[in-house]
Amino acid sequence: MQGIHIGVDVASQWLDICQGAEQPVERITNQMASISRWLGTLPTQAFIAMESTGHYHQLLAQLAYDAGHTVYVLNPRDIKHYALGIGRRAKSDVIDARILQRYLRHEVAYLRPWQPMTAAQRAIHSLFNRRSTLVKQRQSMAMTCRGLEPPPKALAAAMTALKALIDELEQRIIACLQENKARHAGYLSILSVPGIGSLTAGYLSNLFDSKSFTRGDQVVSFLGLDLVFQDSGKKQGRRYLSKRGPGEARRLLYNAAMSAARGAFKPMYE
């Protein structure tokens with residue numbers, strides 16, 4: 001794929017930019033004004049790669065996409081193994097930017113371009129992430145206080161308050177799904193599958209709405225439910241799930257599967 005290939009190492013306060021193996025790495029601040037000025041110096045079409053960093057990369061990705069460039073948000077684990085494979089002996093922001101540029105230049109034909117979510121899709125995704133955090137904190141609180149005699153007086157009140165907060169976020173998720181007719185129709189369709197509840201249906205409907213899947217195996221791989229194996233000659237390695245992708249989706253689907261195994265799919269499960 002012809003064009004300029006750029007690797008950007010993203011930090012909370014700055015970006016280290018590599019536009020070629022023979023060019024010096026440039027550093028700019030991770031702010032809208034600086035990023036916009038830099039994007040204005042690029043050719044019409046550029047390929048820009050960065051690692052997924054939670055939220056620090058989102059401003060660069062969105063601005064680069066809006067400017068008409070092709071954006072790739074990469075799995076940090078893939079870049080780490082690539083760097084080790086080509087013999088990297090040290091790690092720094094400058095080196096990471098060069099590694100990203102080299103990886104993109106050689107592998108761009110096999111990578112999937114990044115597509116931004118709509119405001120509604122981001123809102124639903126954010127609500128699911130916040131709910132997941134609260135569920136983990138509630139479970140952690142219960143485990144921390146287990147076995148204390150007598151039980152702390154404030155524990156029950158705290159658990160009840162967290163449960164109410166979790167329930168409120170669930171109601172907001174359902175309300176967001178109902179705002180779009182097509183998304184809500186998908187939600188109701190998925191909800192009709194035995195074992196799948198409102199949360200799992202909501203997560204999947206938003207996922208299918210925001211990603212351009214064309215085959216079922218793409219969904220399986222995206223969710224990290226595909227098999228990993230290492231075979232060599234007559235040796236067959238152990239099969240296990242890759243678990244790449246959103247852990248919250250696998251948790252919801254596991255709960256849905258166990259629910260289905262106790263109901264409509266019990267004969268199949270047994």
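Reference entry: report on the structure contained in this document. Note that the structure is a prediction, hence the values are computed from the model and not measured. (Residues numbered from 1 in each chain as written. Predicted model: local features only at pLDDT ≥ 70, side-chain atom pairs only at ≥ 80, totals over all residues. Heavy atoms only, no water.)

**Things to note about the overall build of the protein chain**
Thought 1: Scanning the protein chain for helices and strands turns up eleven helices and seven strands.
Thought 2: With respect to the principal axes defined by its C-alpha atoms, the protein chain has extents near 65 × 55 × 45 Å.
Thought 3: Put simply, the protein chain has 270 residues, and 34% of those count as buried.
Thought 4: Partitioning the contacts of the protein chain with sequence separation of at least 6, the portion at a separation of at least 24 is 55%.
Thought 5: Only carbon and sulfur atoms are counted for the fraction: they give 55% of the accessible area of the protein chain, which is about 16400 Å².
Thought 6: Each charge class in the protein chain was averaged separately, 34 positive and 21 negative side chains, and the resulting centres sit 5 Å apart. (Helix = DSSP H or I, 4+ residues; strand = E, 2+ residues; numbered from the N terminus. Buried < 20%, exposed > 50% of the residue type's maximum accessible area, 1.4 Å probe, protein only. Contact = heavy atoms within 4.5 Å. Areas by Shrake-Rupley, 256 points an atom, 1.4 Å probe, with all protein chains shown as cover. Lys, Arg positive; Asp, Glu negative; His and termini not counted. Charge placed at Lys NZ, Arg CZ, Asp CG, Glu CD.)

**Quick word on the pattern of salt bridges**
Thought 1: Applying the stated rule across the entire model yields 13 salt bridges.
Thought 2: Between arginine 27 and aspartate 93 there is a salt bridge whose closest N-O contact spans 3.5 Å. With arginine 27 in strand β3 (residues 26-29) and aspartate 93 in helix α4 (residues 93-107), this pair connects stretches of sequence that are 66 residues apart.
Thought 3: Taking relative accessible area as the criterion, aspartate 93 reaches 28% and is therefore assigned partly exposed.
Thought 4: Linking aspartate 78 and arginine 244 is a salt bridge whose minimum nitrogen-to-oxygen distance equals 2.8 Å. Of this pair, aspartate 78 sits in helix α3 (residues 76-85) while arginine 244 sits in the loop between β7 (240-241) and α10 (247-261); the two residues are 166 residues apart in sequence, bridging distant segments of the chain.
Thought 5: Sharing partners across several salt bridges, the network here consists of Arg131, Glu170, Glu248 and Arg251. (Salt bridge = Lys/Arg side-chain N within 4 Å of Asp/Glu carboxyl O.)

**Thoughts on the packing of helix α6 (residues 153-178) against helix α7 (residues 181-191)**
Thought 1: The interhelical angle for the contact between α6 and α7, taken along N-to-C directions, is 120°, at an axis separation of 7 Å. Our classification of the angle between α6 and α7 gives oblique. Together, Ile174, Cys176, Leu177 and Gln178 of α6 and Arg183, His184 and Tyr187 of α7 make up the contact between the two elements.
Thought 2: Counted by class, the contact of α6 with α7 contains four nonpolar, two polar and one charged residues. (Axes fitted to C-alpha atoms, helices over the stretch in contact; angles between N-to-C directions. Parallel < 35°, antiparallel > 145°, perpendicular 65-115°, else oblique. Nonpolar A, V, L, I, M, F, W, Y, C, P; charged D, E, K, R; others polar.)

**Details of the nonpolar core**
Thought 1: Among the nonpolar cores identified, the biggest contains 25 residues, and Ile124, Phe128, Ile173, Leu177 and Ile196 are the most heavily contacted of them.
Thought 2: Of all the secondary structure elements, the ones that give two or more residues to this core are α5 (119-144), α6, α7, α8 (198-210) and α10.
Thought 3: Here this core gets seven residues from one element, more than from any other, and that element is α6.
Thought 4: In this view, isoleucine 124 contacts Ile173, Cys176, Leu177, Arg183 and Asn206; residues no more than four positions away in its chain are not counted.
Thought 5: If you look at the next biggest cluster of nonpolar residues, it comprises 18 residues, including Ile35, Leu60, Leu63 and Ala64. (Core = buried A, V, L, I, M, F, W, Y, C linked by side-chain atoms within 4.5 Å.)

**A closer look at the environment of glycine 202**
Thought 1: Residue placement: glycine 202 occurs in helix α8.
Thought 2: We classify glycine 202 as buried; its relative accessible area is 0%.
Thought 3: Between the C-alpha atom of glycine 202 and that of glutamate 170, which follows or precedes it by 32 residues, the distance is 9.5 Å.
Thought 4: Once residues within four sequence positions are removed from consideration, glycine 202 is found in contact with Phe128, Leu177 and Tyr187.

**Here we look at the sheet that holds strand β5 (residues 70-74)**
Thought 1: Reading across the sheet, the five strands line up as β3-β2-β1-β4-β5 and stay open at both edges, with mixed pairing between neighbours. Since the sheet does not close on itself, it has two edges, and those belong to β3 and β5, each with one partner. Across the sheet, the mean angle separating the axes of adjacent strands is 25° when strand polarity is ignored.
Thought 2: In this structure, strand β4 (residues 46-51) lies alongside β5, joined through five bridges in parallel fashion. Among the inter-strand pairings, phenylalanine 47 is bridged to a residue of β5, identified as threonine 70. (Pairing = 2+ DSSP bridges.)

**Here's the deal with the pairing of strand β1 (residues 4-10)**
Thought 1: The buried fraction of β1 is high, at six of seven residues.
Thought 2: When β1 meets β4, the two strands line up parallel, connected through five bridges. Paired with isoleucine 6 across the bridge in β4 is isoleucine 48.
Thought 3: As defined by bridge partners, β1 adjoins strand β2 (residues 14-18) across four bridges and the pair is classed as antiparallel.

**Things to note about the packing of aromatic side chains**
Thought 1: For the structure on display, the rule yields five aromatic pairs.
Thought 2: Look at tyrosine 82 and tyrosine 103: their rings are 4.9 Å apart centre to centre, the planes differ by 80°, and that puts the pair in the edge-to-face class. Taken as a pair, tyrosine 82 in helix α3 and tyrosine 103 in helix α4 lie far apart in primary sequence, 21 residues in all. Taken as a pair, tyrosine 82 and tyrosine 103 share a single burial class, namely buried.
Thought 3: Summarising the aromatic geometry, the rings of phenylalanine 213 and phenylalanine 222 are spaced 5.5 Å apart at their centres and angled 65° between planes, so their arrangement reads as edge-to-face.
Thought 4: A residue is classified by how much of its surface remains accessible, and phenylalanine 213, at 22% relative accessible area, is partly exposed.
Thought 5: Aromatic ring contacts, followed pair by pair, group Phe208, Phe213 and Phe222 into a single cluster. (Phe/Tyr/Trp six-rings, centres within 6.5 Å; stacked < 30°, edge-to-face > 60°.)

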